[in-house]
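# Observations on the three-dimensional arrangement
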Protein chains: 2
Amino acid sequence: MVPDVPQGYLLAGVHCRLKRDPQRLDLALVMSESPAVAAGVYTQNLVFAAPVALDRQRTPGENIRAVAINSGVANACTGERGLDDARKMAALAAAACGAGPEEALVMSTGIIGEFLPMDKIEQGITAAAVKLGREARDLEAAAKAIMTTDTVTKLAGRTLSLGDRTIQITGMAKGAAMIGPNMATMLALVLTDAPLAPRVAQASLKAAADESFNSISVEGHMSTNDTVLLLANGQAGGPPLDGGDLAAFRTALNEVCVELARAIIADGEGATHLITIDVTGCASRGSARRIAKAVAESALVKTAVTGADPNWGRIVSAAGYSGARFDPAAVSLRLNGFELYRHGAPVAFDPKAVSSSIRDHRDTHIELQFGEGLAGTRFWTTDLTAEYIRLNAEYHT
Amino acid sequence: MVPDVPQGYLLAGVHCRLKRDPQRLDLALVMSESPAVAAGVYTQNLVFAAPVALDRQRTPGENIRAVAINSGVANACTGERGLDDARKMAALAAAACGAGPEEALVMSTGIIGEFLPMDKIEQGITAAAVKLGREARDLEAAAKAIMTTDTVTKLAGRTLSLGDRTIQITGMAKGAAMIGPNMATMLALVLTDAPLAPRVAQASLKAAADESFNSISVEGHMSTNDTVLLLANGQAGGPPLDGGDLAAFRTALNEVCVELARAIIADGEGATHLITIDVTGCASRGSARRIAKAVAESALVKTAVTGADPNWGRIVSAAGYSGARFDPAAVSLRLNGFELYRHGAPVAFDPKAVSSSIRDHRDTHIELQFGEGLAGTRFWTTDLTAEYIRLNAEYHT
């Protein structure tokens, strides 16, 4: 089901020949009818794309009217000209929405190392603007236009009743790991009609991204273009959210982001299992994250799940090399609810039963418990299959 | 060609039913005819096996007479009883060589979470001691006895003439990534008849291991049992090595360790390419290692090599998320000698030529150059193939 579009936003998706297949949309234009507060969370990669550089300068901000997103070409590793092109793409989007040249943000995804074909981008923005002129609220077309190797669109929404205000939070995302040649990136755009102060919008998005987009890993490769944007245009009315209303908003924003992040993982290349890793009892959230990430990114843990192997040794030893400090004698592990390891030692279990449970379910649940403190985290990943290798090793000159 | 055994060592390998196949040796016993200086380098995993705990207590040391190594059972995650068993195995080996109970070291590799079958270990040590009594110097049998999933024995040796002394350095190793269920470990034992002070032996081994065993990565999984031991019994005569003699010894020791480490990588499960990564121009060796490790462990870089894809984007972006600080505009990259990326931007190259060069050679050479300083490192890994997945996802209850 496609979620509602928040008040005061128009959306369109068009094909402008960035992708070869004329049936595939490749440019999305999003307009806010009034200036929106904008927040952004970006890749931590030292090598980042021009659109990331541009958006970083403009977020947090409070006068954003447009967002243009293209797929096909990532505008990454393209130097000064790349940054000029990103700036020009933003100016074109802003102009199409009747805004000033700096009142827009951009995102790009696709092949890296190539310049944006600015003629096509310009035609695409013009075509999309025509649709916006007809009051298009085509969230699905916009979500399709940002897809690269995704097999499905990723959408999520929540509606909140806060006193006499009804607030909508709706997001779209793309991402399905990185596949060749030179593909990159997860992108997400979350729109809301809630009124938010810029600083609050930024903090809320950062917290939500940490619990969602920054808690998933397909192969641990952080791309040059990863971007999550939040626009809040305040069309739901009233003063900026605070207190309990803000808390409710942040919970709903987290849910939207988690749903999108899980959709990315579920669309992981060649994956046969969606793995949820819960780490508890750690001294700090940082420790819990290090452990969860090491387990999530271990090729040996992933292939054990692929093969329905209840291999506690691979999981415990991945925790051991994560860099987090803990007492090995206090570690316990459950897999799909079965206790495999308790207080630092393996326990007797029925390997056939655990193996069947892994084989018969797409969801796998790993619970690692430590004896250091009260901090924990949840992380998602996929298994690793021969199909993943096939997809990522494919190359034709 | 099997290298020479250094003076004053006896070696044997026997089958004692730790492995099911009666044709496969599973216990090695090494004896030094005089007390040897011993050094050790171990896994950094917080979860480590009992033999590691024991050897850590006894190295660096100077009265080691025996080393017993078994395959089949790793004696890891086995608590107090595991440590008692390791101690007993060492005492049995020492007694068989006419030494005191604390004058021996042990290594184990194989299934984790299971106790050592001490009756079999005892029979194996007795059988091996009988061979030693007949002056066995069977390096190859010892190397076979420590194999698990290895397809070939790993041996390397160097002979040094230092003035009127001839010094032999000979090592054996096992390791071919980790495969299921619950297999672990790389082990190496280097024997020399050089006279060395314990502190010097430890420093020399640490430096050699950093350049070799700690500079290889198949899937980034550091096992519970990883151990490298050096025994130096001084039978070549004369005072402990120092000055130029010591420098020559250390160079040869590095060569032996690099040869063994490369043999482990070359025996990597399902690998079709052996990848050498040279990182230069970094601010510190630590930075260079972070970058090399991130590139070596990137599933996307590995699968690109599998598919003969000259994918500079995956390599540069892996460097970017490694955590090392560098100026992206100063990065250059060569692949098999072809320049793909120069000073922060891709350069025009013939993709067919580069792709053929990857496809037609088992060795792939990645050279990443930075503009931060003079530090660098060399790292080795393999590509990632569907066959690797098959081997690691295989599980039968």
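Residues numbered from 1 in each chain as written. Chains lettered and ligands numbered in written order. Predicted model: local features only at pLDDT ≥ 70, side-chain atom pairs only at ≥ 80, totals over all residues.

## Re the pairing of strand 2 (residues 27-42) of chain B
All names here are of chain B. Operational definition: Neighbour density around each residue's C-beta defines its exposure: 20 or more other C-beta atoms within 10 Å make it buried, 12 or fewer make it exposed, and counts between make it partly exposed, where C-beta atoms are placed from the backbone. A helix here means a DSSP run of H or I that spans at least four residues, while a strand means a run of E at least two residues long, and both kinds are numbered starting from the N terminus. Two strands qualify as a pair provided DSSP detects at least 2 bridges between them.
Within strand 2, 12 of the 16 residues are buried, leaving the element largely enclosed by the surrounding structure. Alignment of strand 2 against strand 3 (residues 61-73), held across 7 bridges, turns out to be antiparallel. Bridge pairing in strand 3 places Ala 28 opposite Ile 69. Pairing of strand 2 with strand 9 (residues 227-232) involves 6 bridges; the strand directions are antiparallel. Among the inter-strand pairings, Gly 40 is bridged to a residue of strand 9, identified as Leu 229.

## Digging into the interface of chain B and chain A
Cut-off, in case you're wondering: What counts as a contact here is a pair of residues whose C-beta atoms, placed from the backbone, lie within 7 Å. By the convention adopted, Pro, Cys, Tyr, Trp, Phe, Met, Ile, Leu, Val and Ala count as nonpolar, Lys, Arg, Asp and Glu as charged, and the other residues, Gly among them, as polar.
Facing 51 residues of chain B, the contacting portion of chain A comprises 51 residues. Elements with a minimum of two residues in the side of chain B that touches chain A: helix 8 (299-306), helix 9 (312-320), strand 13 (345-346), helix 10 (351-360) and helix 11 (386-393) of chain B. Its residues placed into classes, the side of chain B that touches chain A shows 24 nonpolar, 22 polar and 5 charged.

## Let's talk about the relation of the copies chain B and chain A
We count it as follows: When the copies are overlaid, the least-squares fit takes in C-alpha atoms only where the residue has pLDDT of at least 70 in both copies.
Superposition of chain B onto chain A requires a rotation of 180° combined with a translation of 0.0 Å along the rotation axis, giving an RMSD of 0.0 Å. Taken together, the rotation and translation describe the operation of a two-fold axis. Within chain B, the C-alpha atom positioned nearest to the axis of rotation is that of Ala386(B), 2.3 Å from it.

## With respect to the sheet that holds strand 14 (residues 363-369) of chain A
All names here are of chain A. Applicable threshold: Only the contacting stretch of a helix is used when fitting its axis, a line to C-alpha atoms as for every element, and angles between N-to-C directions run 0 to 180 degrees.
Strand order in the open sheet formed by 7 strands is 8-15-10-14-11-12-13, and the pairing between neighbours is mixed. This sheet does not close on itself; its edge strands, each paired only once, are strand 8 (216-217) and strand 13 (345-346). Pairing between strand 10 (residues 274-282) and strand 14: 7 bridges, direction parallel. Its bridge partner lying in strand 14, Val 279 is registered against Leu 368. With respect to the sheet, helix 6 (residues 243-266) is in contact with strand 8, strand 10 and strand 15 (375-382), its orientation differing from that of strand 15 by roughly 40°.

## Looking at the environment of Ile112(B)
Structurally, Ile112(B) can be placed in the loop between strand 4 (104-111) and helix 3 (118-133). The sequence separation of Ile112(B) and Leu374(B) amounts to 262 residues, and the corresponding C-alpha distance is 42 Å.

## Examining the packing of helix 8 of chain B against helix 9 of chain B
All names here are of chain B. This is how the line gets drawn: Any angle between 65 and 115 degrees counts as roughly perpendicular, while under 35 counts as roughly parallel, over 145 as roughly antiparallel, and the rest as oblique. Note on convention: near helix rotated counterclockwise from far helix by under a right angle means a left-handed crossing. Clockwise means right-handed.
The geometry of helix 8 relative to helix 9 is characterised by a closest axis approach of 9 Å and an angle of 160° between their N-to-C directions. Considering the angle they form, helix 8 stands roughly antiparallel to helix 9. Where helix 8 crosses over helix 9, the two elements pack in a sense that is left-handed. Seen from helix 8, the contacting residues are Leu 300, Val 301 and Ala 304; seen from helix 9, they are Arg 314, Ile 315 and Ala 318. For the contact of helix 8 with helix 9, the residue count by class is 5 nonpolar, no polar and 1 charged.

## Thoughts on the packing of helix 7 (residues 285-296) of chain A against helix 9 (residues 312-320) of chain A
All names here are of chain A. Where helix 7 meets helix 9, the axes come as close as 8 Å, and the angle between the chain directions of the two elements is 135°. Viewed along their axes, helix 7 and helix 9 adopt a mutual orientation that is oblique. In this structure, helix 7 meets helix 9 at a crossing whose hand is right-handed. Between helix 7, through Ile 291, Ala 294 and Val 295, and helix 9, the contact on the second element is made entirely by Ile 315, Ala 318 and Ala 319. Of the residues that constitute the contact of helix 7 with helix 9, the class distribution is 6 nonpolar, no polar and no charged.

## Structural notes on the domain arrangement of chain A
Residue and element names in this part refer to chain A. Our working definition: Those domain boundaries reflect an automatic or database domain assignment.
One can read the domain layout of chain A as domain 1 (9-266) and domain 2 (274-393). Each of domain 1 and domain 2 has a C-alpha centre, and the two are 33 Å apart. Opposite the 11 residues of domain 1 that make contact, domain 2 presents 12 residues. Contributing elements (two or more residues each) for the side of domain 1 that touches domain 2: strand 8 and helix 6. When residues in the side of domain 1 that touches domain 2 are grouped by element, the largest group, 4 residues, is from helix 6.

## Concerning the nonpolar core
Test applied: Defined on buried residues, the nonpolar core groups Ala, Val, Leu, Ile, Met, Phe, Trp, Tyr and Cys residues joined through C-beta atoms within 7 Å.
Formed by 290 residues in total, the largest nonpolar core has its most connected members in Leu29(A), Ala66(A), Ala93(A), Val295(A), Leu29(B), Ala93(B) and Val295(B). Discounting chain neighbours no more than four positions away, the residues touching Leu29(A) are Ala12(A), Ala66(A), Ala68(A), Ala93(A), Ala96(A), Ile125(A), Ala128(A), Ala129(A) and Leu132(A).

## Let's talk about the sheet that holds strand 13 of chain B
Residues and elements named next belong to chain B. Sheet architecture is open: 7 strands sit in the order 8-15-10-14-11-12-13, paired in mixed fashion. With partners counted over all chains shown, the strands left at the sheet margins are strand 8 (216-217) and strand 13, one partner each. Alignment of strand 8 against strand 15 (residues 375-382), held across 2 bridges, turns out to be parallel. Residue pairing across strands places Ile 216 opposite Trp 380, the latter belonging to strand 15.

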